[in-house]
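Each chain, letter by letter, is given below.
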Amino acid sequence: MGESEFRQLPSVDEVLCDGRIRTLCQAFARQTIVALIRHRLSETRKSLGMGGPAPSFEEIVNSIVSEAHDMASLSLQPVINATGVILHTNLGRAPLSTEALRAAELASRGYSNLEFDLASGKRGSRQTHVDQILCHLTDAEAALVVNNNASGVLLALSALARRKEVIVSRGQAVEIGGGFRIPEVMRESGARLVEVGTTNCSYVADYEGAITPRTAALLRVHSSNFKITGFANSVSLEELVELGQRHNIPVLDDIGSGCLIDTTDYGLEPEPQVQHSISVGAALVFFSGDKLLGGPQAGIILGRTELVSKLRKHPLARAVRIDKASIAALSVTLTHYLKGEAVEKIPVLRFIATPLSEVERRAERWAQFLGESATVIPAESVVGGGSLPGSRMPTRVVAIRLAGKASIQDLAQRLRQHQPPVVARVEKDALLLDPRSVFPEEDEIMLRAVRQSLACLEA
Ligand SMILES: *Cc1c(COP(=O)(O)O)cnc(C)c1O
């Protein structure tokens, strides 16, 4: 490596004089571009020192221009979900209703009475915007809303069971996904996990045998993402509550998805309903705002007033508090239930409730538009997102098969890189597009994307 190549590297000022860089400086803060140039030149020096090739001036400028544009292009963007998974964890879980979205926008755009009591002119609580309606819908005594369900469970265990014991069935010491594992959450809270029963079976006697003077709670966790079939027994909430009452120990019920409607009305398996847990007598019930409830990310805690008050006063409550845009969206989502319009207004429920005939009609239209590589076939959609494990909904998908050498994976990738991206399912040699999770107003854009990608692959 000769000295000369180092000397040939341009200076920062020389790069700044280039025409394209000057244009870049108009679109970006000058210091952003100066920092990019410094970084690029220092990286180049390092690479030259290791015997790498010397880039041309042109190459240096090109790399800075593309780096600046890459950095400014937004990474988070809307995608079209043609997977048929309605609550897709990787695609943002529940989409909001138009009204909830509008409320979040209004709450974020200007000031609001978030923590201000307009009647008295005194400080208020952000919880007042949702607690009454939550209690009304579920018959709970008290409510507390936090950032997400995992933080709600952590808060409750920390506030009620630190340095004490919490009894959980071994079959429920589960991992929900995304790193939420009951034993680990328990450890973080300072509570000691006491596992009872076996993986497939636990009985009331197992719980009862584990109760000590240090027992702070009995915890039930909904196995949101798996199902034990065959020889299995779990203790019902009724039995747990009865046991808890005999020993004066509260039952905490993490139901995960938090459904207010009866999923069997839509041909699905039953999912634990919030109202049921409250009426049976769970001391606290925990669920997410953005699963089957169909609202924003939130953790909703309902139950007995004296326990909810303890949670409200705990220092962690501030650390896990819910943001104002989410409070706004959640309150509007809840009013959809109050008004009896949840199934029409909340996208998740609307998708679940869409009759098969309507899905089929759309699939037929899609296939017709896409031509001979597309056929309509029966398939299954899933609710997903840690709810209704193993429960599937009949659907009709458009299956696309490729005649030539092009691979179906290439087609899927092309669609993911489209603007806006389209995410589809790939099964064996076919790309499957499921209308169930696609908003009808997206049909047009999606179909054009598919047709265009097909044309590119066949060219
Ligand atoms: C999904 C789920 C959680 C985590 O909820 P987040 O809102 O994602 O934090 C906790 N417990 C159960 C049983 C779940 O299904």
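Rules of the game
- Residues numbered from 1 in each chain as written.
- Predicted model: local features only at pLDDT ≥ 70, side-chain atom pairs only at ≥ 80, totals over all residues.
- Heavy atoms only, no water.
- Domains from an automatic or database assignment.
- Core = buried A, V, L, I, M, F, W, Y, C linked by side-chain atoms within 4.5 Å.
- Buried < 20%, exposed > 50% of the residue type's maximum accessible area, 1.4 Å probe, protein only.
- Contact = heavy atoms within 4.5 Å.
- Salt bridge = Lys/Arg side-chain N within 4 Å of Asp/Glu carboxyl O.
- Helix = DSSP H or I, 4+ residues; strand = E, 2+ residues; numbered from the N terminus.

Caption draft 1: Quick look at the domain arrangement of the chain. Domain annotation of the chain identifies domain 1 (3–72), domain 2 (80–87 + 351–458) and domain 3 (96–345). Here the C-alpha centroids of domain 2 and domain 3 sit 34 Å apart.

Caption draft 2: Broad picture of the nonpolar core. Grouped together as the largest cluster of nonpolar side chains are 55 residues, with contacts concentrated most on Leu302 and Tyr337. Lining this core are residues from two domains, each supplying at least three of them: domain 2 (80–87 + 351–458) and domain 3 (96–345). Not counting the four nearest positions on each side in its chain, Tyr337 is found in contact with Leu137, Leu260, Ile261, Leu292, Leu293, Ala342, Ile346 and Leu349. Counting 33 residues, the second largest nonpolar core, distinct from the first, contains Ala156, Ala191, Leu219 and Phe286.

Caption draft 3: Representation of the pattern of salt bridges. Tallying each qualifying case throughout the model produces 25 salt bridges. Across the pair Glu195 and Arg170 runs a salt bridge whose closest N-O atoms are separated by 2.7 Å. Remark: Arg170 occurs in the loop between β5 (165–169) and β6 (175–177) and Glu195 occurs in strand β8 (residues 192–196); sequence separation between them is 25 residues. Residue Arg170 is classed as partly exposed on the basis of its relative accessible area, which comes to 38%. Among the charged side chains, a network of salt bridges with common partners joins Glu115, Arg123, Arg126 and Arg321.

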